[in-house]
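A closer look at the structure
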Amino acid sequence: MKGAQAILEFLTEQGVDKVFGYPGGAIMPLYDALLDSPVQHYLCRHEQGAAFAAIGYARSTNRVGVCIATSGPGATNLLTSLADAKLDSVPLVMITGQVARPAMGSDAFQEVDVLGLSLSICKHSMQVMTAEDLVPCLQKAFHIAQEGRPGPVLVDIPKDILTGLVPATPQAVSDYQMPEYSMQDLQAANQLIASSERPVLYIGGGVGMANAVDELRDLIQRTDLPQVCTLKGLGSAESEHPLYLGMLGMHGLAAANLSVQQCDLLIAIGARLDDRVTGKLDEFAPHAKLIHLDIDPAEIHKRRRADVSLLGDLKTILPLLGTDTVNPSWREWVSDLKVSKAFPYAVDNSPGQIDAPQLLRQLSDMSANDAIVSCDVGQHQMWVAQHMRFSQPSCHLSSGGLGTMGFGLPAAIGAQVANPDTQVVAVCGDGSFMMNVQELGTLRRYQMPVKILILDNQRLGMVKQWQELFHEERYSETDLSDNPEFSRLAAAFDIQSDVIQCRSQVGEALRKMLAYPGPYLLHVQLDHKDNVWPIVPPNTANHQMWEQPK
Amino acid sequence: MNYQLEMLLTDQPAVLERVLQTTRYRGFRVDSMQMQPASKQMKVSMLVSGKHPISMLTSQLNKLYDLASLECQAQLVQSGEQQSTQAQPLPKTA
């Protein structure tokens, strides 16, 4: 069997029936073999789009996403997505073609050292240098992508290995060892919880990735612990719970940040205390002891020393955590704070400028319970996180760690491929949308019913907000008022669209968009003066957030 | 602080680059390095210095798939002292 066929046979054995990619010189033998394979390939219009689609596929299913590109520019175009998957711990296998072995190292046409380029931005990477190594490398890639803390793995394959014969190889066995907490640490954690007066659960993306949502919700039900979420943790806790406080951090909700600043015990679950969450680190949760639960030993004590750490599978640990219900006076303080700081949602049909938070809340109320929302990066991303509700973490796809503009549309495409019967909405900023706008071609090609909502303030909104607040209103290169006419752009791809600019149009426009059977673009024109509130200024403690000016 | 790292690495392409890249990125400087092949593995001894706790580096090195074992020992010489020695002006020649 030829190398290219062996790859596809291996993917089929792994249960991979859908992959994303873009063909080119060195990877052509694999694309030739695809014609005779049951593996379905989705052609995106840029390798970065293909890789983000694979990320959307992986994040919405917790399965490995696979993308394929050629050598040289194909491979370099994947790198941003590779880094995105690394920082957000997404299980991904990227297959890149490489020039044939005899040409390697000669600066051949479309040759780059992708192995060297990949080193710092993936969980692991390999270059297949013998035919015997091809299938074992792929087996290893799939193991590594999924085991422990998930992440992306790149496999670089020279063209002559794709065209040459490869031997049948035995199944490799993973030698991964799950890190293990001790019973002593578990007891110490439960003692800390029992003796604390003001505990808070700080929920990260690890919960969803460990398939431990049910176990987390059970813990909350047993203990009534107040909860805050990171961007990636959204959807893990039930948003209707009276002690669910929403997202914390730089654009966290006031009740979430203030509760964490007041707590005497912080229980971090699959979260990494990153700088966007903690604000000024030495003033973060200043009265709190820390219990840190994670699968990755490198996260423990990395940003803050944990009083107790529990390493291992959250699905196994969470049922053993927590004893009594929480101190009633703390519960009351937290729920009162939640009510007093609640955002005043109201459907307002009066004429006037559209308010993005209100629109997104309305969209959240109108969309299906299991709808998947993918977004880009910037102001709209924070509004989505603050004002939309998600039934599962896999329903919210957002580029958290890397903060990659252009993520939203291709990730939505990948999510729709994986979940063909689910409502998928890409909420995009006007700046971000233009970064992978070519993927409208993918939507057209496969007629996927992805809904695109562009929140257009004709600005690079978040940068503009920082220029306004922290750079003395010196607006440098953030005016995008020469954006294209998005409806005409959609029409060029045979995509239905609508444009709205006043509040009274919102309800009907959202209804029309969600009911439309095919792909649809809703262009929402916003006032560029709107900002995201609250905001914790850089190098400031989270309780010193600035709230919306009256 | 200075630390002596003793590593056993699988002899795979880019394994040395991975170790060096991780060391640099996590805030440490390689002061000396020696390697020696050992069957399908290689032994690497490295003296590193840096201001962060060494666990910042060792916990990340431990995640490398081509690292079979890692031992780390703190050295007595302070990097600050070394730097101050190096910073002394060179003696003038006649």
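Remember, predicted model here, so these are calculated numbers, not experimental data. Each residue is numbered by its place in its chain's sequence as written, counting from 1. Here every chain gets a letter starting at A, and every ligand a number starting at 1, in the order they are written. Local features in this predicted model are restricted to residues whose pLDDT is 70 or higher, and side-chain atom pairs enter the listing and the counts only when it is 80 or higher, whereas totals over whole chains, interfaces and linings include all residues.

**With respect to the overall build of chain B**
Stated precisely, the cut-off is as follows: By the criteria applied, helices consist of DSSP H or I runs no shorter than four residues and strands consist of E runs no shorter than two, each listed in order from the N terminus.
For chain B, the helix and strand inventory stands at three helices and four strands. Each helix and strand of chain B, placed in order from N terminus to C terminus, yields the pattern β-α-β-β-α-β-α.

**Examining the overall build of chain A**
Defined as follows: It is over C-alpha atoms that the radius of gyration is taken, and the globule rule equals 2.2 Å times the number of residues to the power 0.38. Partly exposed residues are those whose C-beta has more than 12 but fewer than 20 other C-beta atoms within 10 Å; with 20 or more the residue is buried, with 12 or fewer it is exposed, and the C-beta atoms are placed from the backbone. Any pair of residues counts as being in contact when their C-beta atoms, constructed from backbone geometry, are within 7 Å of one another.
Per the secondary structure count, chain A includes 22 helices and 18 strands. Relative to a compact globule of 550 residues, whose C-alpha radius of gyration would be 24 Å, chain A shows 24 Å and is just as compact. Its C-alpha atoms give chain A principal-axis dimensions of roughly 70 × 60 × 45 Å. The burial tally for chain A puts 52% of its 550 residues in the buried class. Taking the intrachain contacts of chain A between residues at least 6 apart in sequence as the baseline, contacts between residues at least 24 apart amount to 77%.

**Here's the deal with the UniProt feature "domain: Thiamine pyrophosphate enzyme N-terminal TPP-binding" (unreviewed entry) in chain A**
Condition: UniProt positions are given in the numbering used here, feature names are shortened, and annotations may be inferred rather than shown by experiment.
Within this structure's numbering, the places UniProt gives as "domain: Thiamine pyrophosphate enzyme N-terminal TPP-binding" (unreviewed entry) are residues 1–115 of chain A. Summarising residues 1–115 of chain A: 43% helix, 17% strand, and an end-to-end C-alpha distance of 26 Å.

**Some thoughts on the pairing of strand β2 (residues 40–43) of chain A**
All names here are of chain A. For the record, the criterion: At least two bridges found by DSSP between two strands is the condition for calling them paired. With the strands pointing away from the viewer, any crossover whose connection runs clockwise from the first strand over the helix to the second is right-handed.
Alignment of strand β1 (residues 18–21) against β2, held across four bridges, turns out to be parallel. Bridge pairing in β2 links Gly21 to Leu43. Chirality of the crossover, the property in question, places the unit of β1, helix α2 (residues 28–34) and β2 among those that are right-handed.

**A word on the interface of chain B and chain A**
Inclusion rule: In this classification, the charged set is Asp, Glu, Lys and Arg, the nonpolar set is Ala, Val, Leu, Ile, Met, Phe, Trp, Tyr, Cys and Pro, and all remaining amino acids, among them Gly, are polar.
The interface of chain B with chain A comprises eleven residues on the first partner and eleven residues on the second. Elements with a minimum of two residues in the side of chain B that touches chain A: α1 (15–25) and α2 (55–61) of chain B. For the side of chain B that touches chain A, the element with the highest residue contribution is α1 of chain B, accounting for four residues. Here the side of chain B that touches chain A is composed, by residue class, of four nonpolar, four polar and three charged.

**Topic: helix α6 (residues 134–146) of chain A**
Residue and element names in this part refer to chain A. Counted only if it meets this: One fewer than the residue count of a helix, multiplied by 1.5 Å, yields its expected span.
An ideal rise of 1.5 Å per residue puts 18 Å on 13 residues; α6 measures up with 19 Å between its terminal C-alpha atoms. For α6, every residue scored as buried is listed here: Leu134, Val135, Cys137, Leu138, Ala141, Phe142, Ile144 and Ala145. Against the buried residues of α6 lie α1 (3–13), β4 (92–98), β5 (124–127), β6 (152–158) and α7 (159–163). Once α6 ends, the next one or two residues include Gly148, with phi positive near 55°.

**Quick look at the domain arrangement of chain A**
Residue and element names in this part refer to chain A. Quick note on the threshold: The domain limits used here are those given by an automatic or database domain assignment.
Considered domain by domain, chain A is made up of domain 1 (3–163), domain 2 (183–340) and domain 3 (356–537). On a C-alpha basis, the centres of domain 2 and domain 3 stand 30 Å from each other. Domain 2 puts 18 residues into the contact, and the matching count from domain 3 is 17 residues. Mapped by element, the contributors of at least two residues to the side of domain 2 that touches domain 3 are α9 (206–209) and β9 (244–247). When the residues that make up the side of domain 2 that touches domain 3 are grouped by side-chain class, the tally is eight nonpolar, nine polar and one charged.

**Some details on the pairing of strand β3 (residues 41–50) of chain B**
All names here are of chain B. With nine bridges joining them, strand β1 (residues 2–10) and β3 adopt antiparallel strand pairing. Across the sheet, the residue bridging to Met7 is Val44, located in β3. Where strand β2 (residues 28–38) lies against β3, ten bridges are found, and the strand directions are antiparallel. Looking across to β3, one finds that Phe28 is bridged to Gly50.

**Brief notes about the sheet that holds β6 of chain A**
Paired through backbone hydrogen bonds, the strands of a sheet run either parallel or antiparallel to each other. All names here are of chain A. Inclusion rule: What counts as an axis is a line fitted to C-alpha atoms, over the stretch in contact for a helix, and the angles between N-to-C directions run from 0 to 180 degrees.
Here we have six strands laid out as an open sheet, ordered β2-β1-β3-β4-β6-β5, and parallel in their pairing. Single-partner strands in this sheet number two, and they are β2 and β5. Averaged over all pairs of adjacent strands, the angle between their axes in this sheet comes to 20°, without regard to strand direction. Inspection of the sheet shows β4 paired to β6 by seven bridges, in the parallel sense. Directly across from Met94, in β6, lies its bridge partner Leu154.

**Comments concerning the sheet that holds β2 of chain B**
Residue and element names in this part refer to chain B. With respect to topology, four strands assemble into an open sheet ordered β2-β3-β1-β4, the strand pairing being antiparallel. For this open sheet the edge positions go to β2 and β4 (67–75), each flanked by a neighbour on one side alone. Here the average twist between neighbouring strands, direction ignored, is 15°.

**Notes on the packing of helix α11 (residues 254–262) of chain A against helix α14 (residues 328–340) of chain A**
Geometrically, a packed helix pair is captured by the angle between its two axes and the distance between the axes. Residues and elements named next belong to chain A. Stated formally: Any angle that falls under 35 degrees is termed roughly parallel, while one over 145 is termed roughly antiparallel, one within 65 to 115 roughly perpendicular, and all others oblique. Should the near helix be turned anticlockwise from the far one by less than a right angle, the crossing is left-handed, and should it be turned clockwise, the crossing is right-handed.
It is at 9 Å that the axes of α11 and α14 come closest, and there the two elements cross at 150°. With respect to α14, the axis of α11 lies roughly antiparallel. Crossing of α11 against α14: the hand is right-handed. For the pair formed by α11 and α14, the contact residues are Ala255, Leu258 and Ser259 on the first element and Val334, Leu337 and Lys338 on the second. For the contact of α11 with α14, a count of residues per class yields four nonpolar, one polar and one charged.

**Quick word on the confidence of the model for chain B**
Residues and elements named next belong to chain B. To be explicit about the condition: As a per-residue measure, pLDDT reflects the predictor's confidence and takes values from 0 up to 100.
Per-residue confidence for chain B averages 85 on the pLDDT scale, and 81% of its residues sit at or above 70. Confidence over residues 79–94 falls short of pLDDT 50; this stretch has four contacts with residues more than four positions distant or in other chains. Interface confidence for the predicted complex, given as ipTM, is 0.91, next to a pTM of 0.95.

**Focus: the environment of Leu402 of chain A**
Residues and elements named next belong to chain A. Topologically, Leu402 is positioned in the loop between β14 (396–397) and α17 (408–418). Here the alpha-carbon distance between Leu402 and Thr80, two residues 322 residues apart in the chain, equals 8.8 Å. Not counting the four nearest positions on each side in its chain, Leu402 is found in contact with Ala83, Asp84 and Leu87.

**Comments concerning the environment of Glu485 of chain A**
Within the element layout of this structure, Glu485 of chain A appears in the loop between α20 (461–470) and α21 (486–492). Between the alpha carbons of Glu485 of chain A and Val499 of chain A there is a distance of 9.9 Å; along the sequence they are 14 residues apart.

**Describing unusual backbone geometry**
Residues and elements named next belong to chain A. That bond from Trp533 to Pro534 is cis: its omega, -5°, falls within 30 degrees of zero. Along the polypeptide, Pro534 turns up in the segment after β18 (520–525). Residues other than glycine seldom take positive phi values, yet Asp107 does so here, at roughly 55°. Turning to its location among the elements, Asp107 is positioned in the loop between β4 and α5 (114–118). You can call Asp107 exposed: it has 9 C-beta atoms within 10 Å. We note that Asn211 has phi near 55°; this positive angle belongs to a residue other than glycine.

**Brief notes about the packing of helix α3 (residues 47–61) of chain A against α17 of chain A**
Residue and element names in this part refer to chain A. Look at α3 against α17: their axes get within 6 Å of each other, and the N-to-C directions meet at 50°. One element, α3, and the other, α17, form an angle in the oblique class. α17 is crossed by α3, and the crossing has right-handed handedness. Contacts between α3 and α17 involve Gly49, Phe52, Ala53, Ala54, Ile55, Gly56, Tyr57, Ser60 and Thr61 on the former and, on the latter, Pro410, Ala411, Ala412, Ile413, Gly414, Ala415, Val417 and Ala418. Residues of the contact of α3 with α17, tallied by class, amount to twelve nonpolar, five polar and no charged.

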